[in-house]
Amino acid sequence: MEKNATARESALLQVLSDPGKTYRPLFFRIYNQEDQKLFQQLRKNVKDLEVYDQILSQLQEYIKISYFTKLKPGEDPAPFIAETLGTHTLETYGVWVYYPWSKKLIHLLDEEAFVALRTSRNTYKITPEERELLRSKKIGVIGLSVGQTIAQTLAMERVCGALHLADFDSIELSNMNRLNVGVQDIGLNKAVLAARKIAELDPFLDVLCFTEGITEHNLDAFFLENGKIDILVEECDGIDVKISSRLKARSLGIPVVMDTNDRGMLDVERFDLEPDRAIFHGSIDEGIDTAKLKGLTNEEKIVILGKIFDLSKISDRMKMSLGEMQKTINAWPQLASSVALGGAMVTDTCRRILLSEIHNSGRYYIDFNDLIK
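Here the structure is a predicted model, which is why all the values come from computation and not from measurement. (Residues numbered from 1 in each chain as written. Predicted model: local features only at pLDDT ≥ 70, side-chain atom pairs only at ≥ 80, totals over all residues. Heavy atoms only, no water.)

Caption draft 1: Structural view of the state of the cysteines. This structure, assessed with the given rule, holds zero disulfides. Unpaired in terms of disulfides, Cys160 finds its nearest cysteine sulfur in Cys350, a separation of 8.3 Å. Classification of Cys160 by relative accessible area gives buried; the value is 1%. With no disulfide partner, Cys236 has as its closest neighbouring cysteine sulfur the one in Cys350, 16 Å distant. Given the relative accessible area of 12%, Cys236 is considered buried. (Disulfide = S-S within 2.5 Å. Buried < 20%, exposed > 50% of the residue type's maximum accessible area, 1.4 Å probe, protein only.)

Caption draft 2: Inspection of a nonpolar patch on the surface at higher detail. A cluster of nonpolar side chains, contributed by Ile366, Phe368, Leu371 and Ile372, occupies part of the molecular surface with about 410 Å² of accessible area. Tracing the chain through its elements places Leu371 in helix H14 (residues 368-371). (Patch = residues over 30% accessible without salt bridge, like charges linked within 9 Å, V, L, I, M, F, W, Y side chains within 5 Å. Areas by Shrake-Rupley, 256 points an atom, 1.4 Å probe, with all protein chains shown as cover. Salt bridge = Lys/Arg side-chain N within 4 Å of Asp/Glu carboxyl O. Helix = DSSP H or I, 4+ residues; strand = E, 2+ residues; numbered from the N terminus.)

Caption draft 3: Up close: the pattern of salt bridges. Within the structure shown, the criterion is met by 23 salt bridges. Of the charged contacts in the structure, one is a salt bridge between Arg263 and Asp367, with a shortest N-O distance of 2.6 Å. With Arg263 in the loop between strand S9 (256-259) and strand S10 (265-269) and Asp367 in the loop between strand S11 (362-365) and H14, this residue pair connects regions lying 104 residues apart in the sequence. A residue is classified by how much of its surface remains accessible, and Asp367, at 9% relative accessible area, is buried.

Caption draft 4: View of the packing of aromatic side chains. Counted according to the given criterion, the structure contains eight aromatic pairs. Note on Phe222 and Phe223: the rings are 5.6 Å apart at their centroids and 80° apart in plane angle, and the pair reads as edge-to-face. Both residues of the pair, Phe222 and Phe223, count as buried. What links up through ring pairs into an aromatic cluster is the set Phe27, Phe114 and Phe204. Here the basic side chain of Arg263 rests over the ring of Tyr365, its NZ or CZ set 4.6 Å away from the ring centre. (Phe/Tyr/Trp six-rings, centres within 6.5 Å; stacked < 30°, edge-to-face > 60°. Lys NZ or Arg CZ within 6 Å of the ring centre and 35° of its normal.)

Caption draft 5: The arrangement of the packing of helix H7 (residues 146-157) against helix H13 (residues 336-354) in detail. Direction vectors running N to C along H7 and H13 enclose 45°, while the axes themselves pass 8 Å from each other. Judged on the interaxial angle alone, H13 and H7 are oblique. For H7 against H13, the interelement crossing comes out right-handed. For the pair formed by H7 and H13, the contact residues are Val146, Thr149, Ile150, Thr153, Leu154 and Glu157 on the first element and Val339, Ala340, Gly342, Gly343, Val346, Thr347, Cys350 and Arg351 on the second. A class-by-class count of the residues in the contact of H7 with H13 yields seven nonpolar, five polar and two charged. (Axes fitted to C-alpha atoms, helices over the stretch in contact; angles between N-to-C directions. Parallel < 35°, antiparallel > 145°, perpendicular 65-115°, else oblique. Left-handed = near helix turned anticlockwise from the far one by under 90°. Contact = heavy atoms within 4.5 Å. Nonpolar A, V, L, I, M, F, W, Y, C, P; charged D, E, K, R; others polar.)

Caption draft 6: Highlighting H13. The end-to-end C-alpha distance of H13, which contains 19 residues, comes to 27 Å, matching closely the 27 Å that a straight helix rising 1.5 Å per residue would cover. Burial in H13 covers these residues: Val339, Leu341, Gly342, Gly343, Met345, Val346, Thr347, Thr349, Cys350, Arg351, Ile353 and Leu354. (Expected span 1.5 Å × (residues − 1).)

Have a look at this one:
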């Protein structure tokens, strides 16, 4: 106990001294004596600490779903609140969560009650049994530009209980045409920012960031650390990583889902059900040396991407954009509406894969230009 307490105290001091790249909140269950000591230390040492305590309103809402058949409309919930509190006071009930990057300390229901209440309005679109199954699943997301919206939607719907997020890049002002970020986030690693937003939505989701992106040195860890991921969501720009991550996913029997932000194109590769399936539906040579794919010019990228995505099927506006690369524009164009659609499509598809509701590989289009004339 003493060793554990010392380790926790050291971790607290480290976070307080350097919260810069931190993306995990700290938890204090102050009915525990050691937690109460650390909690008091936090409140004493953090200047400009913002404290939010809405535990009573959360309890009142939780009572409504916990005593649904007993609590009549308009009835005083106080007896049921007292029963739920047990030996706790309002202050010691639940958990206090500290977010080092914003210096906010928030009083919340603890994990089981929090998850039950936060997901209660999913029922029965997601049944309680399905919710528990999804809590055991882990999804990896490579590329947290487009992938940020996907990761947040996965978290919001609680399609999984854990996420691995990989991106080496930082937020730039030009990203803000499609990413839900603020100007204060410029310069922050994209994976870290996504993890922080998820923690502020649901601190009990287990998130691990790979801020160096995907490399040959961390590829195994991304797929296997703390247990194998169940789905890979691939949204990165690097062709070498697109290929190497799929080869790894196939070797481990992990399905891959990808959104392309053009014509609502969604790619699904069920390597879990088809272990010998060719990557990208057989559109490229798998024997290609991925090391030679690093640092390609845009012209060289377009040749390979043309095989992967079939340039004859991309939108007219994307074709025009590709022709203007390095002439009038220097990066792939993406729209917020397309990114939002991708978040919805990938989340829905991942949920149905994990619940064994769909079993197909394929390429699908939800093209508003075709659907809405």
